Structures are given as C-alpha cells and as structure tokens.
Amino acid sequence: MLDDNDDIHPLFYGAPKTAEFKKLRKRIVRYTREAIEQYGMIERNARWLVCLSGGKDSYTLLAVLHELKWRGLLPVELLACNLDQGQPGFPATVLPEFLEKMGVEHRIEYQDTYSVVVDKVPEGRTFCALCSRLRRGNLYRIAREEGCSAVVLGHHRDDILETFFMNLFHGGRLATMPPKLLNEEGDLFVYRPLAHVAEADCEKFARDMNYPIIPCDLCGSQDGLQRQQVKQILDGWEKNSPGRRQVMFRSLMNARPSHLLDPKLFDFNALSRNQTESDEGIATSLGSLPEIPKLR
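Heads up: these notes are all about the structure in this document.

**Notes on the overall build of the chain**
Here is step 1 of the chain: Scanning the chain from N- to C-terminus turns up ten helices and six strands.
Here is step 2 of the chain: Counting only residues that meet the buried cut, the chain has 42% of its 296 residues in that class.
Here is step 3 of the chain: Of the contacts made within the chain by residues no fewer than 6 positions apart, 75% connect residues no fewer than 24 positions apart.

Shown next as structure tokens:
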C-alpha cells in the first residue's frame, strides 16, 4: 500500500489513509512523471539540486521526486537546497530540522540578498525581479559547487499560466516558463517537473501532509503586483467556467505557428495558393529554432 511506513520514503510517513488523499497523491505523481518524460528531463546518473523554499509547492516537489526515485522511476541523485536570503523573520531552523528528520540529503545556504534588494530597488517598486535574479545566480553557483547538472524548481501549472498572461498583458509576447531550459552559460538545465500539476493540488497535498509551511510574504506584502492581478482574473474565469485553467494550459501545448503572426515561426512569404498546411510544413518552419530555450 502507498501509505505503509515500511513501503515509502519518510516524507510520506503519516499520510492520510483516505481514498481522496490517495487519489490526490497518485494524480500528482502521475502528472510529474508525465512532465519528466515528455520534456526529456532524465539524464542517467545525473544529480539534481532541488530548490526548497518552505512553501507548499516546493514541499510537494521534494516529496514526489523522492517517491519517483524510491519507485525506481527517477534514476538521478537528489540534493535539497534552501537559500536563506536574509528576509526579516525567516525561521532559519525549520527546514534544516525537517530535512534532518526526513533523512533528506540537503544543503542550507545563507546569502543576504534581501539587504541588496532593499538598497537597490527604488521606493514603491516591487522587489521580485531583482530578488529572483540574485536567487537564481546563487542557485547556479551552488549547483556547480555540488556537481549538479540541473536546478529543479517547484513552479506548477498555475504559475506557468500566470506567467503567460503577464507576458501577454504587460510584455507584448507569447511566452511563459518552459518546463525545461538551458542557462545562458550552457552548463545547467532548469527543470519544472510540476508543470502539469495544479496549484490547488499542491496546496491540499502539503496541508494534508502537515508539512511546516513557511509563509511567502516574509519580505512584506506589496499590493498591486502584476501576478496577483492576473491570478484574480484567472480565479474569476475559473469560478464562472470550472475547468477553464486546464483548457488554457492545454492550449500552450497545442500551438499553431501558421495561425499566429510571427514570421520567424512561420514562413508566410513562402505560402502558395495550392499549398495546404500540414504538420510536416509546420515542423519545417520551426526547424531552425533551438530545441531548448535559453534563460534570459
């Protein structure tokens, strides 16, 4: 059984025995495995730096990856990593104690990027962009020091959708967080194995497992964030039309370049009256594009 203590990783000890939770857990494991396989994340004998913030998403990521590894479906080494960025009130002992208790190999790194962000960002501006860049740079450094080939993040389906609409509304481009990308130096992959998993599932899973959640507002709540505005829009659509999020997410996996307006993706000049669109034609028009997008 999935919830027998002698049959699972310690991260699942004490899991609820209800049919509802078992379905939830199986769904998360299935979707994660699906994304890992679909986007070619597995390199045998690789070592992954699994980033753990202490939020519901990263706890879910850590648990499901260890579940897949325990079942022989993820032949990689896993190293959990928390980057303590010096935010006021951050409970520095929570994650080390949790990881020790769970027997999870880990590294805790302290870098006071919070002071840098507060000093550099003008008053009234949000911290997120600079904070994210500094965090990513440190994670790349740690991954190299630890001999890891990939940095693994806990972004889920809803994060990807929100980023798509932020780019659409504010950036003037069709783009989002890819499930797999290569850093600009070309030496590290960035993976998002929860790409197909709904945020609500992560929240329920972490809550049911009673993981020690660390709040995400340690640097201070900043009203009017673009992501929060987009989230409210998506929440409204989902409320009026249940299942809308999944339909929109599916569209990101079903792009038709010939029905958009980017001449770099489709050769409109070469389109003739007697030509009919085919999958082969679309593939040809995309042939010059890189297979793995680089991080900007």
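Read on, since the account is not over.
**A few points about the sheet that holds strand β2 (residues 77–84)**
Here is step 1 of the chain: One open sheet accounts for six strands, arranged β3-β2-β1-β4-β6-β5; its pairing is mixed. With partners counted over all chains shown, the strands left at the sheet margins are β3 (106–110) and β5 (180–182), one partner each. When strand polarity is set aside, the average angle formed by the axes of neighbouring strands in this sheet is 25°.
Here is step 2 of the chain: Strand direction decides the pairing type here: β5 and strand β6 (residues 189–191), joined by three bridges, are antiparallel. Bridge pairing in β6 places L182 opposite F189.

**Brief notes about the nonpolar core**
Here is step 1 of the chain: By size, the foremost hydrophobic cluster in this structure holds 44 residues, and its most contacted members are L11, W48, L62, L65, F205 and Y211.
Here is step 2 of the chain: At the level of elements, α1 (19–38), β1 (47–51), α2 (56–70), β2, α3 (94–102), β4 (150–152), β6 and α7 (199–208) are the ones that each hand at least two residues to this core.
Here is step 3 of the chain: With seven residues, the single largest contributor to this core is α2.
Here is step 4 of the chain: Setting aside residues up to four positions removed in sequence, L65 forms contacts with T32, I36, W48, V50, L74, L78, V152 and P193.
Here is step 5 of the chain: Core analysis: the second largest hydrophobic core is formed by 15 residues, L49, C51, A143 and V190 among them.

**Structural notes on the packing of aromatic side chains**
Here is step 1 of the chain: One pass over the structure, following the stated rule, counts twelve aromatic pairs.
Here is step 2 of the chain: Between the aromatic rings of F98 and Y211, the centroid separation amounts to 5.6 Å while the plane-to-plane angle is 80°, which identifies the pairing as edge-to-face. Taken as a pair, F98 in helix α3 and Y211 in the loop between α7 and α8 (226–240) lie far apart in primary sequence, 113 residues in all.
Here is step 3 of the chain: The class for F98 is buried, based on a relative accessible area of 8%.
Here is step 4 of the chain: A centroid spacing of 5.6 Å and a plane angle of 70° characterise the contact between F165 and W237, whose relative ring orientation is edge-to-face. Here the residue F165 occupies a position in helix α6 (residues 157–171), and W237 occupies one in helix α8, the gap between them amounting to 72 residues.

**Description of α7**
Here is step 1 of the chain: Among all positions of α7, only E199, D201, C202, F205 and A206 are buried. For α7, the angular spread of the buried residues around the axis is 160°, confining them to a single face. Turned more than 90 degrees off the buried face of α7, the exposed positions are A200 and R207.
Here is step 2 of the chain: Two residues or fewer after α7 comes N210, characterised by a positive phi angle close to 60°.

**A closer look at the environment of D57**
Here is step 1 of the chain: Topologically, D57 is positioned in helix α2.
Here is step 2 of the chain: Sequence separation between D57 and A200 is 143 residues; the distance between their C-alpha atoms is 9.8 Å.
Here is step 3 of the chain: Excluding residues within four positions of it along the chain, D57 makes contact with G154, H156, D159, L194 and C202.

**Examining the pairing of β2**
Here is step 1 of the chain: Counting buried residues along β2, seven of its eight residues qualify, which places the element largely inside the surrounding structure.
Here is step 2 of the chain: You can see the chain leave β1, run along α2 and come back into β2, and the turn it takes is right-handed.
Here is step 3 of the chain: Bridge count for β2 against β3 is five bridges, and the pairing is parallel. Counted as the bridge partner of N82 is I108 from β3.

Definitions and limits used
Residues numbered from 1 in each chain as written. Predicted model: local features only at pLDDT ≥ 70, side-chain atom pairs only at ≥ 80, totals over all residues. Heavy atoms only, no water. Helix = DSSP H or I, 4+ residues; strand = E, 2+ residues; numbered from the N terminus. Buried < 20%, exposed > 50% of the residue type's maximum accessible area, 1.4 Å probe, protein only. Contact = heavy atoms within 4.5 Å. Pairing = 2+ DSSP bridges. Axes fitted to C-alpha atoms, helices over the stretch in contact; angles between N-to-C directions. Core = buried A, V, L, I, M, F, W, Y, C linked by side-chain atoms within 4.5 Å. Phe/Tyr/Trp six-rings, centres within 6.5 Å; stacked < 30°, edge-to-face > 60°. Arc of directions from axis to C-beta. Right-handed = clockwise from strand over helix to strand, strands pointing away.

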